[in-house]
Structures are given as C-alpha cells and as structure tokens.
Amino acid sequence: MEAFSICGGRPLSGEIRAYGAKNAVLPLLAACMLVKGPVRLSGCPHLADIANMLRLLESLGCRTAREGMDLIVDTDGASEHVMPEALSKQMRSSIFMLGPVLARFGRAVFTYPGGCEIGLRPIDLHLQGLRALGAQIEERHGHILCSGSLRGGQIHLDYPSVGATENAMMAAVCAPGETVIHNAAREPEIQDLARFLNACGARVRGAGSGAVHIRGGAHLHGCEYEPLPDRICAGTLLLAGAATRGDVYVRDARPQDMQALLAKLKEAGCTVQTLREGVRVRMRDRPRPVRRIETAPFPGFATDMQAQMMALLTLARGTSVVVENVFENRMSHAAELNRMGADIQVSGRVAVVRGVEALTGARVHTRDLRAGAALCIAALAAEGESVVENVALIDRGYDRLEEKLAALGGAAKRMEITDERR
Ligand code: UD1
C-alpha cells in the first residue's frame, strides 16, 4: 500500500497552477459517446478516476490516447453497450455512461457503481431522468438493463443531483424534441458540460440555473475543448496554505466557482485576494472559529471541501460547527483528525470542532478521497511526522498531491509501506 510521509510545521507558500477538474472531465469523457469524430480535451490531470473512465471507453470499443495533459477520444468504433462489471464497481462516475450509451445504441447494461464510502449514493434520480425520456429500465441481479429510443421530455428531479442532471443532459441532446430538466443541479461542472456539448453542436441553454433546456435531435461532431479548472483541488491547496499559516496563490482558479469557500476562509481570518488569473490566500495567525458551515448543492458550501475545511478548523481559537447535508456518511476524517490531537465530536451529520493549539503527527488512514486530502492538510500543520495511508484514494482525485505540496515548500513524499499495523 502506498502512503504519504508528511513532516509538518512548514508554512506553504508560492504559486501553483490549477488543472482541469476531475468532476468536469469525467462527464465530458462519457459525453464523447454521443460525438462523431475525435475529441481533444486539454489540461486533463493524471487521475486514477480518469484512467478508469478511459478504460471503460476502450472496453466499449473506443480509441483513447493521452498526449501530455491532452486526452484524445474517438468513439467512432464503439460497438459494445454492456459496461464491464469490474470497472463500474471501481468508480461511481461510470454511471455517467448510462445516458450516452443508451442514447447511442438504444440499450445499455450496467452494474451498480462503486466509489468512496461516503453514503448510500443511490442512482434512482439518474433512472428517473432517463425514464422521463422514454427509457425502459429493469433491475435484475444487480444489473440495470436499459432500452428504448429516447425522445424529449419534462424531467423533475426530486433533488438537484449533479450526476443525474449531467446524465439527463447527455441523454437528451440527441433525442428528438425538447427536454427541460427542472430542479437541475447548478454546479459549475454542469455549465462546463453544456459548453462542451454546445461546442459539439448541441443546443443546451440554462445550464447553471435550476432549469436546463435542451433542443434535442442534434448530430454532434468532435471538437477541441479545455475543461474548467478544478475548484476542489484549488481549494484544497489554498486550505493547506491557510492551515500552515502560509501564502498560496493558485493560478487559474476561478473565484466565482468557490465563493462559499472563500467567504468561510475570510471568516476564519484568512486574507483572500481574488485576482484576474487566480486566487491567493494568506494566513498569519491561528484561525478564528467559524460559527456554522453547512454543506449544500452549489452555490452552497461544497461537500467536497467539508473535510479539508474541518482540518483547518481543528486549529481555531474556539469552537466551530460543521454540518454535512449532502452525504449521510461523510465524517470519517473526524476520528483520524482526533488521532492527531484534534477535538471533534460527531453526532450523525453534525461535527462540533473545538479548536486546539496544535496537532501532532500520527499514522492515519483514509477511506474517502477528500478525507485523505484533509488528513494531508492536518499533517502539514501538525508537529512532527505523519503517515497518511491508502493514498490510492487520494490519487483518484489529485494528480500527485504530494509533489504539489512539496512544490509549495511542504515536506511531503510518497512511500511504499508493507507494515499495515495501526
Ligand atoms: C458529484 C461529484 C462529487 C460531489 C457531489 C456533490 C462528480 C463525478 N462527483 O457526485 O464529487 O461530492 O456531486 O457535490 O461530479 N442521490 C440520490 N439519488 C441519485 C443520485 C444522487 O439520492 O440518483 C443523492 C446522493 O446520495 C447524495 C446527493 O443526492 O446524497 C447528491 O449526490 P449527487 O449530486 O448526485 O452527487 P454525484 O453526482 O454522485
């Protein structure tokens, strides 16, 4: 198993660049199934989830290639509508393939997806959207069998799910007729998917609002596209700077995508500078507590930043309350942070974080991608050495995080551990 060894106590400072967002690139890769001719996506980081998605496309007969930070996908040869079970189980985002494969072949077979252990994560809303477009869906022996030729329809999502909105958008662009997705998710990645689809010839408007309108029946063609920068990676690096009382500038981070986080960083006493080409966060002192943070769909505070923010608040001069509203089981980092000397009490979805003067290095283990990033932040701020285990999960969403932290002056390195004693 791979781990990070991190020696804390050094303020992180310097400039680093944000690259394409995992959560933007993954649906774009699935959307390539709708496109005739090659697509080139630039600025795509090396992430395990992206590599798995490319494998999934290849297993359906597509050609994929990586040239540095560019990905080239040509789905013209795709001939398969059955998603391999092993790949689907490895990655929650495999669910994105359902809409595009169904739209392309009139049928799709799929296994219930895997992903981080952060809650039940059902897929009923994905299926609700596809049914509203005319899909027949049967669930048998853990497999989902979808069939039918899709047509435009009215979709009323019970909850603004990011993935369900994206799946419905992709399923609808080629289906004849008008589709409206009501109570759509408003995340920046939804807008990015719409921009990509429109660059390929689709007619999508309203993305970023609660109602996405799609004039279907388009024949999509390949294009060159740069996915939006990763607001979660950017936020993680800024928080690492703040927790170590440093000064980090993330070039190409888009402040409009991270307003809720930046507001909380200011409340915690950080100096936040939003520049035309990025975001800079400086912190001189121990953080101030933040009275209450509640995660919510965009533009609320992102659930994907909750763990990292909690890592900062462990060091505050007072008590903060963090409420996780999006996923029911996303507090696994609290117990690990407590191993490092934090004082966090969790009751269900609510964490009460009593700030301590200092954290101390410890051997900790992550069970969730963002929780892993939070442990790295805590380790950078702690006294002494920490070992963060199970970094394969961190690699799902961060491109060599340890190298980025080291480039900013943190003492972080990757190592192989055979001793799994805890
Ligand atoms: C996406 C992001 C993930 C982020 C999440 C919330 C990607 C690849 N992943 O995940 O990083 O944490 O948005 O911002 O973009 N739900 C249902 N039924 C469904 C679908 C979702 O009940 O069919 C529930 C989920 O269990 C969860 C909530 O809706 O409680 C939000 O999930 P959703 O917005 O769908 O998240 P994802 O698209 O899976």
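Refer to the structure printed above.
None of these values were measured; they are calculated from a predicted model.

With reference to specific residues and values, describe the overall build of the chain.
Counting secondary structure elements, the chain contains 14 helices and 25 strands. Here the chain has a C-alpha radius of gyration of 21 Å; the compact-globule value for 422 residues is 22 Å, and the two agree. Over its C-alpha atoms, taken along the principal directions, the chain stretches across nearly 60 × 45 × 40 Å. Counting every position in the chain, which comprises 422 residues, the buried fraction comes to 58%. Considering only residue pairs separated by 6 or more positions, the chain has 72% of its internal contacts joining residues 24 or more positions apart. Looking at the chain as shown, the accessible area adds up to about 16000 Å², and 47% of this sits on carbon and sulfur atoms. If you average the places of the 50 positive and of the 47 negative side-chain charges in the chain, the two averages end up 4 Å apart.

Break down the packing of aromatic side chains for me, with residues and values.
Counted by the stated rule, this structure contains one aromatic pair. With 5.5 Å between their ring centres and 70° between their planes, F196 and Y225 make a pair best called edge-to-face. Linking F196 in helix 7 (residues 188–199) with Y225 in strand 15 (residues 224–225), this pair joins segments that are 29 residues apart in sequence. We classify Y225 as buried; its relative accessible area is 12%.

Report on the pairing of strand 21 (residues 343–347), specifying residues and quantitative values.
Pairing geometry for strand 21 and strand 22 (residues 350–354), over five bridges, is antiparallel. Bridge pairing in strand 22 links I344 to V353. Where strand 21 folds back on strand 22, the antiparallel hairpin that results is connected by two residues, among which G348 adopts a positive phi of roughly 65°.

Tell me about the nonpolar core, and please be specific about residues and values.
The biggest cluster of nonpolar side chains holds 72 residues, and the ones touching the most others in it are L29, M97, F196 and L197. The greatest single-element share of this core, amounting to seven residues, is contributed by helix 6 (residues 162–173). Those residues in contact with M97, other than ones at most four positions away along the chain, are A30, M33, M53, L56, L57, L60 and M83. Formed by 70 residues, the second largest nonpolar core is a distinct cluster that contains F4, A18, L312 and A342.

Could you give an account of the site of the ligand, naming the residues involved and the relevant values?
Around the ligand sit 19 residues in total, of which D124, L125, S161, D304 and V326 are the nearest. Between the ligand and I123 there is a distance of 3.4 Å, counted from an oxygen atom to a backbone nitrogen or oxygen. The protein chains hide 87% of the 740 Å² of surface that the ligand would expose on its own. Secondary-structure elements contributing two or more residues to the shell around the ligand are helix 5 (124–132) and helix 6.

Could you give me a rundown of the sheet that holds strand 15, with the residues and numbers involved?
Across the sheet, four strands lie side by side as 5-6-4-15; this open sheet has mixed pairing. Strand pairing shows two members of the sheet lacking a second neighbour, strand 5 (63–67) and strand 15, which therefore form its edges. In terms of strand pairing, strand 4 (residues 39–41) meets strand 15 through two bridges, oriented parallel. Bridge pairing links R40 to E224 in strand 15.

Tell me about helix 12 (residues 369–381), and name the residues and values.
Spanning 13 residues, helix 12 covers 19 Å between terminal C-alpha atoms, matching the ideal 18 Å at 1.5 Å per step. Counting buried positions along helix 12 gives twelve out of 13 residues, so the element sits mostly inside the fold. The set of residues buried in helix 12 consists of L369, R370, A371, G372, A373, A374, L375, C376, I377, A378, A379 and L380. Of the residues flanking the start of helix 12, the one acting as N-cap is D368, its side-chain oxygen 3.3 Å from the backbone nitrogen of R370.

Lay out the sheet that holds strand 11 (residues 178–182) in plain terms, naming residues and giving numbers.
If you trace the four strands from one edge of the open sheet to the other, you get 10-11-13-12, paired in mixed fashion. Strands with a single pairing partner mark the edges of an open sheet, and in this sheet they are strand 10 (154–156) and strand 12 (203–205). Strand-to-strand twist in this sheet, taken as the mean axis angle between neighbours without regard to direction, amounts to 15°. With respect to the sheet, helix 6 is in contact with strand 10, strand 11, strand 12 and strand 13 (211–215), its orientation differing from that of strand 13 by roughly 20°.

Any details on the packing of helix 4 (residues 98–105) against helix 6? Residues and values, ideally.
Between helix 4 and helix 6, the least distance of the axes is 7 Å, while the angle of their chain directions is 15°. Between helix 4 and helix 6, the angle falls in the class roughly parallel. Note that helix 4 runs across helix 6; the crossing there is right-handed. In this structure, helix 4 contributes L98, G99, P100 and A103 to the contact, and helix 6 contributes N167, M170 and A171. Of the residues assigned to the contact of helix 4 with helix 6, the class counts are five nonpolar, two polar and no charged.

An account of helix 1 (residues 22–31) is needed here, citing residue identities and associated values.
Most of helix 1 sits out of view: nine of its ten residues are buried. Taken residue by residue, helix 1 has K22, A24, V25, L26, P27, L28, L29, A30 and A31 as its buried positions.

Break down the pattern of salt bridges for me, with residues and values.
What the rule picks out here adds up to 24 salt bridges. A salt bridge links R317 to D285; its shortest N-O distance comes to 3.1 Å. Highlighted residues: R317 in the loop between helix 10 (306–313) and strand 20 (319–323) and D285 in the loop between strand 18 (278–282) and strand 19 (292–294), separated in sequence by 32 residues. By relative accessible area, D285 is classed as partly exposed at 39%. For D399, the salt bridge goes to R400, with nearest N and O atoms at 3.0 Å. Judged by relative accessible area, which is 38%, R400 ranks as partly exposed. Residues joined in a network through salt bridges with shared partners are E2, D395, E402 and R414.

Cut-off values and rules
Residues numbered from 1 in each chain as written. Predicted model: local features only at pLDDT ≥ 70, side-chain atom pairs only at ≥ 80, totals over all residues. Heavy atoms only, no water. Helix = DSSP H or I, 4+ residues; strand = E, 2+ residues; numbered from the N terminus. Rg over C-alpha atoms; globule rule 2.2 N^0.38 Å. Buried < 20%, exposed > 50% of the residue type's maximum accessible area, 1.4 Å probe, protein only. Contact = heavy atoms within 4.5 Å. Areas by Shrake-Rupley, 256 points an atom, 1.4 Å probe, with all protein chains shown as cover. Lys, Arg positive; Asp, Glu negative; His and termini not counted. Charge placed at Lys NZ, Arg CZ, Asp CG, Glu CD. Phe/Tyr/Trp six-rings, centres within 6.5 Å; stacked < 30°, edge-to-face > 60°. Pairing = 2+ DSSP bridges. Core = buried A, V, L, I, M, F, W, Y, C linked by side-chain atoms within 4.5 Å. Near = heavy atom within 4 Å. Polar contact = N/O pair within 3.5 Å; in protein donor to acceptor, adjacent residues only side chain to side chain. Expected span 1.5 Å × (residues − 1). Axes fitted to C-alpha atoms, helices over the stretch in contact; angles between N-to-C directions. Parallel < 35°, antiparallel > 145°, perpendicular 65-115°, else oblique. Left-handed = near helix turned anticlockwise from the far one by under 90°. Nonpolar A, V, L, I, M, F, W, Y, C, P; charged D, E, K, R; others polar. Salt bridge = Lys/Arg side-chain N within 4 Å of Asp/Glu carboxyl O.

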